[in-house]
Amino acid sequence: MDLVAWSHAPGGGAPTLRGWRSPPSGKPVLHFLHGNGLCGRTYDPMWSRLAGHFDLWLCDVQGHGDSDPGEHFAGWNRNARWALDAFQAHRAQYDGVPVHAAGHSFGGVLTVLIAALPAQPFERLVLLDPVLFPPAMLAMLKGMAALGLSRHNPLAKGAARRRARWADREAAFEALHGRGAYKSWTDGALRAFVTHGLRDDAGEVALKCAPWLEAEIFSSSPERLWPSVKAIATPTLLLHGERSFPFVARAARHAGRVNRHVRAAQVAGGHCFMQEDPARAGNLVREFLIG
């Protein structure tokens, strides 16, 4: 793939965001936001199947990939706004072509938050197993935050304990292969993660997304999530894995009920089904966005 690095420094104390993009070719643009703890290039096996149909815009949010971490997680809504601002700062290079969006997990929710903004540029959306917390779950998360109990969230506790360093990338690949969240990933997907999701550090390699940041994201929740879902005015395909978190399927059905623009469909695989079968996921994205 022919991708070049980009960066956007908004000022005002906001972190510099970085990512990867295709040189403009006249094809439709596909804007993408990744899952928590990952980065845009983690999905390279899927991009290799889509790069012939789209110019890619891969944005790494705060503290992921090569984007600056800041001292604390700034929140879901602010990160959505920063991601949109970064794209809008470069959009003139892709003038005159359709702009679509996709997002996975955490990035799927950020994509929803962007799509609800008045200045949103997207014509169609594909949400890949977005963690759309049901209203009751949102209330619980906010209650835990108010009581200072967010760190006891099981996902946050697991992220905080995550191993962050290995001797080299091959050691990281061997340690992660077939285990945990990576259990069903293809070798190509895991190679993409250890290539782009780790940084060289003092003769070893370390996670680019620090465990503390991943844990802070898992400990928090977006503002105005369901009003944002209801505000989506563009055709949207919501794909959820049959082995994903149980609440994702419930939320997908609810999203289809509250917004006629949202069509939910279940696919084989887990929460990272696009890393388990990149070819199938790429075909589903392409078929919905451009036929």
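Owing to the predicted nature of the structure, the values given are computational and were not obtained by experimental measurement.

What counts as what
All residue numbers here refer to positions counted from 1 along the written sequence of the relevant chain. Predicted model: local features are reported for residues with pLDDT of at least 70 only, side-chain atom pairs are reported and counted for 80 or more only, and whole-chain, interface and lining totals are derived from all residues. Note: side-chain values were computed over all heavy atoms of the structure, leaving out hydrogens and water. The secondary structure listing takes helices from DSSP runs of H or I that are at least 4 residues long and strands from runs of E that are at least 2 residues long, numbered from the N terminus. Restricting the calculation to C-alpha atoms gives the radius of gyration, and the globule rule supplies 2.2 Å times the number of residues raised to the power 0.38. Only protein chains enter the accessibility calculation, which uses a 1.4 Å probe; a residue is then buried when its area is under 20% of its type maximum, exposed when over 50%, and partly exposed in between. Any two residues having at least one pair of non-hydrogen atoms within 4.5 Å are treated as being in contact. To measure how exposed things are, a 1.4 Å probe is used in the Shrake-Rupley method; for residues, cover is taken only from the protein chains shown. Only four residue types enter the charge count: Lys and Arg as positive, Asp and Glu as negative, with His and the chain ends excluded. By convention, the point assigned to a charge is CZ for Arg, NZ for Lys, CD for Glu and CG for Asp. Strands are treated as partners if at least two bridges between them are detected by DSSP. Note on method: axes are straight lines fitted to C-alpha atoms, helices fitted across the in-contact stretch only, with angles between N-to-C directions ranging 0 to 180 degrees. Buried residues of nine kinds, namely Ala, Val, Leu, Ile, Met, Phe, Trp, Tyr and Cys, make up a nonpolar core once their side-chain atoms join them within 4.5 Å.

Caption draft 1: Spotlight on the overall build of the protein. Within the protein, the regular secondary structure consists of 12 helices and 11 strands. Computed over its C-alpha atoms, the radius of gyration of the protein comes to 18 Å, within 12% of the 19 Å expected for a compact globule of 291 residues. Principal axes of the C-alpha set define a box for the protein whose edges measure 45 × 45 × 45 Å. Within the span of the protein, comprising 291 residues, buried residues form 54% of the whole. Sequence-distant contacts, at least 24 apart, represent 76% of the contacts inside the protein between residues at least 6 apart. Carbon and sulfur atoms provide 52% of the accessible area of the protein, an area that totals close to 12,100 Å². Of the side-chain charges in the protein, 32 are positive and 25 negative, and the distance between the mean point of each set is 8 Å.

Caption draft 2: Seen up close, the sheet that holds strand S2 (residues 17-21). In space, the 8 strands of this open sheet follow the order S1-S2-S4-S3-S5-S6-S10-S11, with mixed pairing throughout. Because the sheet does not close on itself, it has two edges, and the strands there are strand S1 (4-8) and strand S11 (262-267). Strand-to-strand twist in this sheet, taken as the mean axis angle between neighbours without regard to direction, amounts to 20 degrees. Alignment of strand S3 (residues 29-33) against strand S4 (residues 55-60), held across 5 bridges, turns out to be parallel. Directly across from His-31, in S4, lies its bridge partner Trp-57. Packing against the sheet, helix H10 (residues 246-258) makes contact with strand S10 (236-241) and S11, and its axis sits at approximately 160 degrees to S10.

Caption draft 3: Quick peek at the nonpolar core. One finds Trp-76, Leu-110, Leu-132 and Trp-226 to be the most contacted residues of the largest nonpolar core, which totals 49 residues. Once residues within four sequence positions are removed from consideration, Trp-226 is found in contact with Leu-132, Phe-133, Pro-134, Pro-135, Leu-138, Ala-251, His-254, Ala-255 and Val-258. Among the nonpolar cores identified, the runner-up in size contains 37 residues, and Ala-102, Ala-189, Leu-198 and Val-285 belong to it.

Caption draft 4: Structural context of the sheet that holds strand S8 (residues 198-201). Strand order in the open sheet formed by 3 strands is S7-S9-S8, with antiparallel pairing between adjacent strands. At either end of the open sheet lies a strand with only one pairing partner, and these are strand S7 (165-166) and S8. Note that S8 and strand S9 (residues 204-207) share 4 bridges and pair antiparallel. Paired with Asp-201 across the two strands is Glu-204, which belongs to S9.

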